[in-house]
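Descriptive analysis of the structure
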Amino acid sequence: MDHVRLLPKVDLHIHLDGSMRPATVIELAAEEGIRLPDTDPARLAAHLQASEMCGSLGDYLAKFDLPLRCLQTSEGLRRAAYELVMDAHADRVKYIEVRFAPLLHTAGRLSAEEVIAEVLHGLERGERESGTLARAIVICLRSHDPAENIRVIHAAHSFQGRGVVGVDLAGDEARFPPQLHRDVFRLADRYGFPVTLHAGEAAGAENIRECVSHMHAVRIGHGVRLKESEPLVQWIKERNIALEMCVTSNIQTKAVRCWEEHPIKEYFEQGILVTVNTDNTTVSNTTMTQEYEKIMKLYRFTIGEMKQLILNAANVSFLETERKRELTASLQTELGLASGT
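Residues numbered from 1 in each chain as written. Predicted model: local features only at pLDDT ≥ 70, side-chain atom pairs only at ≥ 80, totals over all residues. Heavy atoms only, no water.

Moving on: the overall build of the chain. When helices and strands are counted, the chain shows 16 helices and eight strands. Taken over the C-alpha trace, the chain has a radius of gyration of 19 Å; the compact-globule value for 341 residues is 20 Å, and the two agree within 12%. Reported as C-alpha extents along the three principal axes, the dimensions of the chain are approximately 55 × 45 × 45 Å. Every one of the 341 residues in the chain was classed for burial, and the buried ones make up 56%. The contacts of the chain with a sequence gap of at least 6 include a subset with a gap of at least 24, amounting to 73%. (Helix = DSSP H or I, 4+ residues; strand = E, 2+ residues; numbered from the N terminus. Rg over C-alpha atoms; globule rule 2.2 N^0.38 Å. Buried < 20%, exposed > 50% of the residue type's maximum accessible area, 1.4 Å probe, protein only. Contact = heavy atoms within 4.5 Å.)

Now the structure itself:
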């Protein structure tokens, strides 16, 4: 499937702390005096990766604990962000939106604003050296008090137009419904932030409606449970709400019970704006190429359909308008679609 590897790609949904190189975790842990279960990169990877035997979203999220302990310093944040862009570039990703929750990186001396600045520094270096465009999405956490998340939105606003292109809500969806944070995303909307929210992953379709109706979401992270409400499927389609689908992680978190039941092809054929993403390259042990290879093999996506998925991602990205225009034109040319082929 070399033709899949060679496709230019766009990844709109990838988490910084879930995409660290095992070797980097080892080096940063040594510098910070953090004990590891193993100091061999190949063996440590088993402690950082989920599998199909993962029992739930909670079990999946537990894999982030160790990387987060290594991401409490300026050096760690810069390095992880830089390496993520370089790894994406090696997989022929042309544009990437990297998301992270600043408050998860403030256990040391860094403030939320400093965390954002350090991540942006790493992304900018990666973009400069590789040519892969990289922007940031700042995450608020469902389990946090809304007042804390309002602080995060204010911090993100300090970097709006300087690398931060959107905001998100993530975490334990089953225990913390999105409406707890309506005021947070009203503020984000007042600031003019594009909003993408995790929803319809560990809880039902009603969360998707809430996120779009009351929290200004124009993209939904995952959204696999959208099909539980047929009227909502049409409603989402009419509003051109994009779904950031992450097939491998959806199986691992048990958002979808098995590969055969994943709705990505069903949604695509219904005309929903579907995109393909990695979620976490390390935790899910995947790449964009592997995600495309899986949907080609399992769901019979054609090369032409995969090209449409790539263009979907570019078109719904939060990249600045002129850069988005340039990215889309470049992708169309590279994909052989400039003349309608």
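Let's pick the thread back up.
On to the pattern of salt bridges. All chains considered together, the criterion is met by 25 salt bridges. With its nearest N and O atoms 3.1 Å apart, the salt bridge here joins Glu-244 to Arg-99. Taken together, the positions of Glu-244 in strand β7 (residues 242-245) and Arg-99 in strand β2 (residues 93-100) put the pair 145 residues apart, joining distant regions of the chain. Two residues, Arg-257 and Glu-261, come together in a salt bridge whose shortest N-O distance is 2.8 Å. Overall, the relative accessible area of 65% leaves Arg-257 in the exposed class. Several salt bridges converge on common partners, so that one network encompasses Arg-21, Glu-27, Arg-79, Glu-83 and Asp-87. (Salt bridge = Lys/Arg side-chain N within 4 Å of Asp/Glu carboxyl O.)

One finds Phe-185 and Ile-295 to be the most contacted residues of the largest nonpolar core, which totals 106 residues. For this core, the leading source of residues is helix α15 (residues 303-316), giving seven residues. Residues contacting Phe-185, with those up to four places away along its chain left out, are Cys-140, Val-167, Asp-168, Leu-169, Val-195, Leu-197, Met-215 and His-216. Formed by seven residues, the second largest nonpolar core is a distinct cluster that contains Ala-50, Phe-64, Leu-68 and Val-283. (Core = buried A, V, L, I, M, F, W, Y, C linked by side-chain atoms within 4.5 Å.)

Viewed as axis vectors pointing N to C, helix α2 (residues 22-32) and helix α6 (residues 74-90) meet at an angle of 170 degrees, and their least axial separation amounts to 11 Å. Taken together, α2 and α6 sit at an angle that is classed as roughly antiparallel. Along the contact surface, α2 presents Thr-24, Glu-27, Leu-28 and Glu-31, while α6 presents Glu-75, Gly-76, Arg-79 and Glu-83. Of the residues assigned to the contact of α2 with α6, the class counts are one nonpolar, two polar and five charged. (Axes fitted to C-alpha atoms, helices over the stretch in contact; angles between N-to-C directions. Parallel < 35°, antiparallel > 145°, perpendicular 65-115°, else oblique. Nonpolar A, V, L, I, M, F, W, Y, C, P; charged D, E, K, R; others polar.)

Another point: the UniProt feature "domain: Adenosine deaminase" (unreviewed entry) in the chain. On the UniProt side, "domain: Adenosine deaminase" (unreviewed entry) is annotated at positions that read residues 8-331 here. For residues 8-331, the end-to-end C-alpha separation is 7 Å, with 48% helix and 15% strand making up the annotated structure. (UniProt positions renumbered as here; feature names shortened; annotations may be inferred.)

Turning next to the packing of aromatic side chains. Under the defined criterion, the tally for this structure stands at two aromatic pairs. Note on Phe-268 and Phe-301: the rings are 5.3 Å apart at their centroids and 65 degrees apart in plane angle, and the pair reads as edge-to-face. You can see Phe-268 sitting in helix α13 (residues 264-269) and its partner Phe-301 sitting in the loop between α14 (288-299) and α15, a full 33 residues away along the chain. Judged by its relative accessible area of 16%, Phe-268 is buried. Over the ring of Tyr-82 we find Arg-125; its NZ or CZ atom is 3.7 Å from the centre of that ring. A cation over an aromatic ring shows up here: Arg-219 above the ring of Phe-318, its NZ or CZ 3.8 Å from the ring centre. (Phe/Tyr/Trp six-rings, centres within 6.5 Å; stacked < 30°, edge-to-face > 60°. Lys NZ or Arg CZ within 6 Å of the ring centre and 35° of its normal.)

This part takes up the environment of Leu-104. Inspection of the secondary structure assignment puts Leu-104 in the loop between β2 and α7 (112-130). Under the relative-accessibility criterion, Leu-104 is labelled partly exposed at 29%. Between the alpha carbons of Leu-104 and Leu-141 there is a distance of 9.1 Å; along the sequence they are 37 residues apart. Setting aside residues up to four positions removed in sequence, Leu-104 forms contacts with Asp-17, Leu-68, Gln-72 and Leu-141.

This brings us to α6. The end-to-end C-alpha separation of α6 is 25 Å, in line with the 24 Å expected for 17 residues at 1.5 Å each. Taken as a whole, α6 has its buried residues at Gly-76, Leu-77, Arg-79, Ala-80, Ala-81, Tyr-82, Glu-83, Leu-84, Val-85 and Ala-88. Against β1 (9-15), α2, β2, α7 and β3 (133-141) lie the buried residues of α6. (Expected span 1.5 Å × (residues − 1).)

It is at 7 Å that the axes of α6 and α7 come closest, and there the two elements cross at 35 degrees. Handedness of the crossing formed by α6 with α7: right-handed. Facing α6, whose interface residues are Ser-74, Leu-77, Arg-78, Ala-81, Tyr-82, Val-85, Met-86 and His-89, α7 presents Val-115, Glu-118, Val-119, His-121, Gly-122, Leu-123, Arg-125, Gly-126, Glu-127, Glu-129 and Ser-130. Grouping the amino acids of the contact of α6 with α7 by side-chain chemistry returns eight nonpolar, six polar and five charged. (Left-handed = near helix turned anticlockwise from the far one by under 90°.)

The subject of this paragraph is unusual backbone geometry. The residue His-216 is not glycine, and still its phi comes out positive at about 70 degrees. Looking at where His-216 falls in the secondary structure, it is placed in the loop between α10 (206-215) and β6 (217-222). The phi angle at His-222 is positive, at roughly 80 degrees, despite the residue not being glycine. Residue position: His-222 is located in strand β6.

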